[in-house]
Amino acid sequence: MSKVQDRSIDIGPFVPGPDDDLIVCRCEEITKGEIRRAIHDGMFTMTEIRRYLRAGMGLCQGNTCGRIVKGILASELKYRPGELDDCTARGPARPIEMEAFGREVEKDE
């Protein structure tokens with residue numbers, strides 16, 4: 001188990017910062033303060049933050065905010081960003097109406 005995933009480390013209480021209202025993830029409108037609060041709530045990995053807040057799950061898939069979120073996580077946990085694992089990459093997905101699939105079958109026939 002890496003030291004970053006060690007749940008017994010004490011990172012101290014959450015203390016609001018002057019720039020906590022800064023929007024980090026523009027796609028999902030997540031602020032620096034929300035990310036910092038999530039870390040103090042126990043989200044110690046990029047994947048946990050992504051699932052908890054949806055940071056990096058918008059249209060850009062974390063290409064805009066991923067490095068910033070990782071930097072905030074590293075700063076709060078007092079690690080270098082290189083010591084943290086990246087989140088699992090996934091392709092973008094959008095909901096598709098079933099009707100669209102039905103039209104495709106008609107074209108093939």
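Provided above is the structure to which this section pertains.
If you're wondering where the values come from, they're calculated on a predicted model, not measured in any experiment. (Residues numbered from 1 in each chain as written. Predicted model: local features only at pLDDT ≥ 70, side-chain atom pairs only at ≥ 80, totals over all residues. Heavy atoms only, no water.)

A.B. asks: Can you lay out the overall build of the protein chain for me, pointing to particular residues and giving the numbers?
C.D. replies: Each helix and strand in the protein chain was counted, giving 4 helices and 2 strands. Shown N-terminal to C-terminal, the secondary structure of the protein chain runs as helices and strands in the order β-β-α-α-α-α. When burial is assessed residue by residue, the protein chain has 33% of its 109 residues classed as buried. Intrachain contacts of the protein chain at a sequence separation of at least 6 include 57% that bridge at least 24 residues. Carbon together with sulfur atoms contributes 51% to the accessible area of the protein chain, which is approximately 7,700 Å² in total. (Helix = DSSP H or I, 4+ residues; strand = E, 2+ residues; numbered from the N terminus. Buried < 20%, exposed > 50% of the residue type's maximum accessible area, 1.4 Å probe, protein only. Contact = heavy atoms within 4.5 Å. Areas by Shrake-Rupley, 256 points an atom, 1.4 Å probe, with all protein chains shown as cover.)

A.B. asks: Could you give me a rundown of the environment of V24, with the residues and numbers involved?
C.D. replies: Relative to the helices and strands, V24 resides in strand 1 (residues 23–25). With 48 residues separating them along the chain, V24 and I72 place their C-alpha atoms 9.9 Å apart. Residues within four places of V24 in sequence aside, it is in contact with I30, T31, K32, I35, C65, I68, V69 and I72.

A.B. asks: Break down a nonpolar patch on the surface for me, citing the residues and quoting the values.
C.D. replies: Taken together, the side chains of I96, M98 and F101 define a hydrophobic patch exposed on the protein surface, amounting to about 350 Å² of accessible area. Residue M98 is classed as exposed on the basis of its relative accessible area, which comes to 63%. (Patch = residues over 30% accessible without salt bridge, like charges linked within 9 Å, V, L, I, M, F, W, Y side chains within 5 Å. Salt bridge = Lys/Arg side-chain N within 4 Å of Asp/Glu carboxyl O.)

A.B. asks: An account of the packing of helix 1 (residues 32–40) against helix 3 (residues 66–77) is requested, with residue identities and associated values reported.
C.D. replies: With their axes 10 Å apart at the nearest point, helix 1 and helix 3 run at an angle of 45° to one another. One element, helix 1, and the other, helix 3, form an angle in the oblique class. Of the two elements, helix 1 crosses helix 3, and the hand of that crossing is right-handed. Between helix 1 and helix 3, the residues in contact are K32, I35, R36, I39 and H40 and V69, I72, L73, E76 and L77, respectively. (Axes fitted to C-alpha atoms, helices over the stretch in contact; angles between N-to-C directions. Parallel < 35°, antiparallel > 145°, perpendicular 65-115°, else oblique. Left-handed = near helix turned anticlockwise from the far one by under 90°.)

A.B. asks: So, the environment of R67: which residues are in play, and what are the values?
C.D. replies: Tracing the chain through its elements places R67 in helix 3. Residue R67 is classed as exposed on the basis of its relative accessible area, which comes to 79%. Along the chain, R67 and G56 lie 11 residues apart, while their C-alpha atoms are 10.0 Å from each other.

A.B. asks: Break down the pattern of salt bridges for me, citing the residues and quoting the values.
C.D. replies: Applying the stated rule across the entire model yields 6 salt bridges. For K32, the salt bridge identified is with D19, shortest N-O distance 2.9 Å. A residue pair is termed long-range when its members are at least 10 positions apart, and K32 in helix 1 and D19 in the segment before strand 1 qualify at 13 residues. Close ionic contact of R36 with E76 constitutes a salt bridge, the shortest N to O distance being 2.7 Å. Here the residue R36 occupies a position in helix 1, and E76 occupies one in helix 3, the gap between them amounting to 40 residues. The exposure class of E76 is buried, given its relative accessible area of 14%. Linked by salt bridges that have partners in common, D20, R36 and E76 make up one network.

A.B. asks: Requested: an account of helix 2 (residues 46–53), with residues and values cited.
C.D. replies: Within the span of helix 2, buried status applies to M46, T47, I49, R50 and L53. For helix 2, the buried positions fall inside an angular range of 165° around the axis, keeping them on one side. In this structure, the buried residues of helix 2 make contact with strand 2 (30–31), helix 1 and helix 3. R54 lies just past helix 2 and shows a positive phi near 75°. (Arc of directions from axis to C-beta.)

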